[in-house]
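Now for the letters of each chain:
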Amino acid sequence: MPDAHVRALPAELTIYTVAELHPQWLKWLATTGDAGDAEGCVVDAAAVEQADAAGVQLLLSLSSALQRQGRALQLRAPSTALLAACEALGLADWAASLQATEEAA
Amino acid sequence: MKQPATDTDFISETLPIFISEAQEQIESFEQLLLRLEDAPQDRELLDALFRCAHTVKGSAGIFGLDAVVAFTHHVETLLDRLREGLVVLTPELSTLLLQGNDEIRSLVTAAKDPAPAHDAGALQARATLVQRLQRVSGQDAAPTAPLAAAETQADAGPAAAVQRWQLSARFGSDTFRNGMDPGAILGYLRGLGAVSGLHCATDAVPALDALDPESCHLGFRFALDTAAPQSDIEAAFTFVRDDCELQITPPEAQARAPDPQGAPRANATASKPAAADDNRYIRVHADRLDAVINLLGELVIAGAGAALMARQTKQRGLIEANLQMARLIEEIRNGTLQLRMVPIVETFSRFRRVVRDTAGELGKDVALEITGGETEMDKSVVERIADPLMHLVRNALDHGLEPPAERVAAGKPAQGRLTLSARHESGVIAIHIEDDGRGIHRQKVLQRAWDRGLVERGVVPPDNDILNLIFEAGFSTAEKVTNLSGRGVGMDVVRRNIQALRGSVTLHSVEGQGSRIEIRLPLTLAIIDGFLIGVGSSRFIFPLDAVVEVIESRQDATASGTDARGRSVMALRGQMLPVVNLRTLYALDSPEPDRHSVVVLQASGRRFGVRVDQLLGQHQAVIKPLGHLFGSLRGMSGSSILGNGEVALIFDVNALSQLAADAPGRPAALLKNPNHAASAEGHNA
């Protein structure tokens, strides 16, 4: 799988980093879209140590942007911290569905 | 996070902001509590009160002000008990909370000083206060608890049993920016009970390209199984309350709604613009504002100069351009001065506490009435009038109003009345402090003045002058010196402070019926709209608001009846109008012109005329204080520099009207130093 399709998440996915991540992700979204890949985009979430609602919201937004393009977000090896944050916000099912997609693929 | 290196900088920069905001919270805490005393059932007030204490505690925590946090915690606990209905607000409790608030205030103030002096007495006092707070919120709560539980029962089913609440919350867009995390709030609720059926409404989250990553677009709906009362559930949302759409459906309401999962969800419309009120204010350093106003003063002078030169060139285009500019400058001036205007109610409402405490201490029952609190005046004036007002209010409470028994004996209602009022009055603010107390005993005042040598023994001045003797230095009529007032340092200082603001203070009193103190203050200290006139080569300015009309004087009203100080009368539409001739009054050395005009002025309800040579029209005067040389000159309040560099003196219309009205034959009051007066009159002759 080409590198451009995998995006590694930083250790901190919180209100302190979202403003910085947002433009990077937008750029990434544009380049992978150009590649014409219909499969999906993979986000490597193993490194996430801290996540809050702002961080999770950014992931949600990325996911819905991909969905609109007919693609799907895939969450690879999400860390316990990220899963816990999703669960705390009632998004455990959503997080699980993102992983399931990858396993199926 | 990336702070460690800059932590100290951060704290030193933001600590003053914290202190000023905490002081505001403490101030509103006091006001809210006093309002709550009048309306003990007002839930909103109580919640707002709690938020004040909570905010102070929270932000003090950020700055590591442990003493503030620790102490405020106890106050907060007591407020929490109040919110739960476990404790009832009694006057004693209210006093305790006020004392607690005072302690928070002094702790916050002490935070300014990095090396606080540890005063054993203060520590002891604080410990006692903490004990009292704990006692009322803790032990007293136990016996009343069943009662309160019964109330809750009527309200929301059996209190002890676990209840299922339905909650839906849509967080405001500023939630993240305000440092709040919905996850943490949910976490807090999990501490209260079991959260189930949590659904995150993500439909409002925009796609990545349209997302502001720091705005919150999340909403939640869930069921909470808990035994905690509604107030505890609401408390979780304390900090986001203002911009959060929150719906809490209590258990019994769900009985009517058969499907618990279908319980009302937050309306998914875009969240409303959050906390709009906060955004309407900008904190500006007072110094910067002052700098702008100073510059503006210079601009007004420069503008006047340019307009004058334009008129001399007689070029129409240039004159018109200057007029346009003058109009804009005036608008900017008004707008800028408006920035400094604050409603006086902020100062007035401070006295609620003073009246409450002082009356309690003296065993008196006093109702404070405040009217005209919306009257606006310059912030610097408001700040500097607070102390003199405080003194006058205390005086009224201490000396003026009688104890209930004495009032009843005198045929008055047991409750005394103290009124603070403010209103605009032709370019000045008039503040009245009125009480229905015993009034001032003229004979006692006179006796004291004789004893102190303020008036020669045996001389009896007119009634009003006797009253105003109390403003003389070293005068105090209190038979018993209390710790509130009556130290004999008061009234003369009050008068001096008010005069320093270009104001005046007068006292009216009817024995047995009460006293009224009237303070008149200028709206602002910086600029006035003036009316420029000329006498000979001298230029003078009247405050435009005081000018009623201008009339061409008829020949018969001139020199005929003029006395030694240039005063005469003329008939104006069938009424006699006293007229002052400035040339004689101020001994101006110039020949009388053929024609003259009379400017009719109004001051303190009296009209009088001033005879002048030339009318030079409206003029914006930037007020400069009078130097020492002119300090002894009565009737003047300041000076101003005209566009052409000439100096014009600005009249204090009130003082001038007194000069016009002073009974003839009294020693000249024009100059405070009689020698000067003599030489001035001699010069004139």
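Worth saying up front: this structure is predicted, and the values here are computed from it rather than measured. (Residues numbered from 1 in each chain as written. Chains lettered and ligands numbered in written order. Predicted model: local features only at pLDDT ≥ 70, side-chain atom pairs only at ≥ 80, totals over all residues. Heavy atoms only, no water.)

1. Details of the overall build of chain B
As a reminder of what qualifies: Think of it this way: any DSSP run of H or I at least four residues long counts as a helix, any run of E at least two long counts as a strand, and we number them from the N terminus. The buried label applies to any residue whose accessible area, calculated with a 1.4 Å probe on protein chains only, is under 20% of its type's maximum; exposed applies above 50%, and partly exposed to all values in between. Any two residues having at least one pair of non-hydrogen atoms within 4.5 Å are treated as being in contact. Note on areas: Shrake-Rupley with a 1.4 Å probe; residue coverage comes only from the protein chains shown.
Helix and strand counts for chain B come out as 21 helices and 21 strands. For chain B, buried positions account for 45% of its 685 residues. Contacts in chain B between residues at least 24 apart in sequence constitute 70% of all its contacts with a sequence separation of at least 6. Carbon and sulfur atoms form 54% of the exposed surface of chain B, whose accessible area is close to 34,500 Å².

2. Comments concerning the packing of helix α3 (residues 66-83) of chain B against helix α5 (residues 120-137) of chain B
All names here are of chain B. As a reminder, the rule being used: Throughout, an axis means a line fitted to C-alpha atoms (over the contacting stretch in the case of helices), and angles, computed between N-to-C directions, take values from 0 to 180 degrees. Working rule for angles: under 35 degrees goes down as roughly parallel, over 145 as roughly antiparallel, 65 to 115 as roughly perpendicular, anything else as oblique. By definition, any crossing whose near helix is turned counterclockwise from its far helix by less than a right angle is left-handed, and any crossing with a clockwise turn is right-handed. Residue polarity is assigned by list, with Asp, Glu, Lys and Arg as charged and Ala, Val, Leu, Ile, Met, Phe, Trp, Tyr, Cys and Pro as nonpolar; anything else, Gly included, falls into the polar class.
Interhelical geometry of α3 versus α5 gives an angle of 25° and a closest axis separation of 9 Å. By the angle class used here, α3 and α5 are roughly parallel. Handedness of the crossing formed by α3 with α5: left-handed. Mapping the contact onto sequence places Ala67, Phe71, His74, Val75, Thr77, Leu78 and Arg81 in α3 and Arg126, Leu129, Val130, Leu133, Gln134, Val136 and Ser137 in α5. Looking at the contact of α3 with α5 residue by residue, the class counts come to 8 nonpolar, 4 polar and 2 charged.

3. Quick look at the sheet that holds strand β10 (residues 504-510) of chain B
Residues and elements named next belong to chain B. Put simply, the test is: Two strands qualify as a pair provided that DSSP identifies no fewer than 2 bridges between them.
Read from one edge of the open sheet, 5 strands run β6-β8-β9-β11-β10, paired in mixed fashion. The open sheet has two edge strands, β6 (366-371) and β10, and neither has a second partner. Between one strand and the next, the sheet's axes are offset by a mean angle of 15°, whatever the strand orientation. Where helix α14 (residues 379-400) meets the sheet, its contacts fall on β6, β8 (416-425), β9 (428-435) and β11 (514-522), and the angle it forms with β11 comes to roughly 175°.

4. Comments concerning unusual backbone geometry
Backbone geometry places A:Ala77, a non-glycine residue, at a positive phi of 45°. If you trace the backbone, A:Ala77 turns up in the loop between β5 (73-76) and α3 (80-88). One non-glycine residue, B:Lys314, adopts positive backbone phi at about 60°. In this structure, B:Lys314 sits in the loop between α11 (286-313) and α12 (316-339). Taking the relative accessible area as the measure of exposure, B:Lys314 reaches 71% and is therefore exposed.

5. What about the pattern of salt bridges?
Residues and elements named next belong to chain B. Note the cut-off: Salt bridge, as applied in this entry: a Lys or Arg side-chain nitrogen positioned within 4 Å of an Asp or Glu carboxyl oxygen.
Under the criterion given, the structure shown has 29 salt bridges over all chains. With a closest N to O distance of 3.0 Å, Asp47 and Arg83 form a salt bridge. With Asp47 in helix α2 (residues 43-62) and Arg83 in helix α3, the pair connects residues that are 36 residues apart, well separated along the chain. Residue Asp47 shares its accessibility class with Arg83, and that shared class is buried. Across the pair Arg356 and Asp357 runs a salt bridge whose closest N-O atoms are separated by 3.2 Å.

6. Looking at the environment of B:Gly305
With respect to the element layout, B:Gly305 can be found in helix α11. The spacing of B:Gly305 and B:Leu642 is 337 residues in sequence and 7.3 Å in space, taken between C-alpha atoms.

7. Overview of the packing of aromatic side chains
Residues and elements named next belong to chain B. Basically, it comes down to this: The pairing test for Phe, Tyr and Trp rings, Trp by its six-membered ring, is centres within 6.5 Å, and the orientation test on the planes gives stacked under 30 degrees, edge-to-face over 60, and tilted for anything in between. Charge over a ring is defined by NZ of Lys or CZ of Arg lying within 6 Å of the ring centre and within 35 degrees of the ring normal.
Summed over the entire model, instances satisfying the criterion amount to 5 aromatic pairs over all chains. Their ring planes at 20° and their centres at 5.0 Å tell us that Phe542 and Phe651 sit as a pair that is stacked. Taken together, the residues span a long stretch of sequence, with Phe542 in strand β13 (residues 538-543) and Phe651 in strand β21 (residues 647-651) at a distance of 109 residues. The exposure classification of Phe542 matches that of Phe651, with both residues buried. Aromatic side chains Tyr586 and Phe651 sit 6.1 Å apart centroid to centroid with 45° between the ring planes, which places their arrangement in the tilted category. One end of the pair, Tyr586, is in the loop between α19 (582-585) and β17 (597-603); the other, Phe651, is in strand β21, with 65 residues separating them in the sequence. With respect to burial, Tyr586 and Phe651 carry one shared label: buried. An aromatic cluster of at least three residues, connected via ring pairs, comprises Phe540, Phe542, Tyr586 and Phe651. The aromatic ring of Phe50 is capped on one face by Arg83, whose charged end is 4.0 Å from the ring centroid.

8. Here's the deal with the interface of chain B and chain A
How we decide: Here's the idea: put two parts together, see how much 1.4 Å probe accessible area each one loses, and the total over both is what we call buried area. In the analysis that follows, any N or O atom pair within 3.5 Å is treated as a polar contact, provided that within protein one partner can donate a hydrogen and the other can accept it, and provided that, for residues neighboring in sequence, both atoms belong to side chains.
Each partner contributes to the interface: chain B provides 25 residues, whereas chain A provides 25 residues. Taken together, the two surfaces of chain B and chain A that pack against each other cover about 2,000 Å², and 66% of this comes from carbon and sulfur. Scanning the region where chain B abuts chain A turns up 0 salt bridges. The tally of links between chain B and chain A comes to 8 residue pairs in polar contact (both at pLDDT 80 or more). Considering every element that reaches the side of chain B that touches chain A, the biggest residue donor is helix α7 (residues 182-192) of chain B, with 4 residues. Looking at the side of chain B that touches chain A, its residues break down into 15 nonpolar, 4 polar and 6 charged.

9. Structural notes on the environment of B:Thr371
Residue and element names in this part refer to chain B. As for its position among the elements, Thr371 is in strand β6. Classification of Thr371 as partly exposed rests on a relative accessible area of 38%. For the pair Thr371 and Ala422, spaced 51 residues apart in the sequence, the C-alpha separation amounts to 6.6 Å. Contacts of Thr371, omitting those with residues within four sequence positions, involve Phe348, Leu420, Ser421 and Ala422.

10. Digging into α11(B)
Put simply, the rule reads: What a helix should span is 1.5 Å times the count of its residues minus one.
The terminal C-alpha atoms of α11(B), which comprises 28 residues, lie 41 Å apart, in line with the 40 Å expected from a rise of 1.5 Å per residue. Downstream of α11(B) by one or two residues, B:Lys314 has phi in the positive range, about 60°.

11. Here's the deal with the pairing of β13(B)
All names here are of chain B. For β13, a buried count of 5 out of 6 residues is recorded, marking the element as mostly surrounded by other parts of the structure. With 3 bridges connecting them, β13 and β21 associate as parallel partners. Of the residues in β21, the one forming a bridge with Arg539 is Ala648.

12. A few points about the packing of α2(B) against α3(B)
Residue and element names in this part refer to chain B. Between α2 and α3, the shortest axis-to-axis distance is 9 Å and the interhelical angle comes to 160°. Relative to α3, the element α2 lies roughly antiparallel. α3 is crossed by α2, and the crossing has left-handed handedness. Of the residues in α3, those touching α2 at Arg43, Leu46, Asp47, Leu49, Phe50, Ala53, His54, Val56, Lys57, Ala60 and Gly61 are Val68, Val69, Thr72, His73, Glu76, Leu79, Asp80, Leu82 and Arg83. Across the contact of α2 with α3, the residue classes break down as 10 nonpolar, 4 polar and 6 charged.

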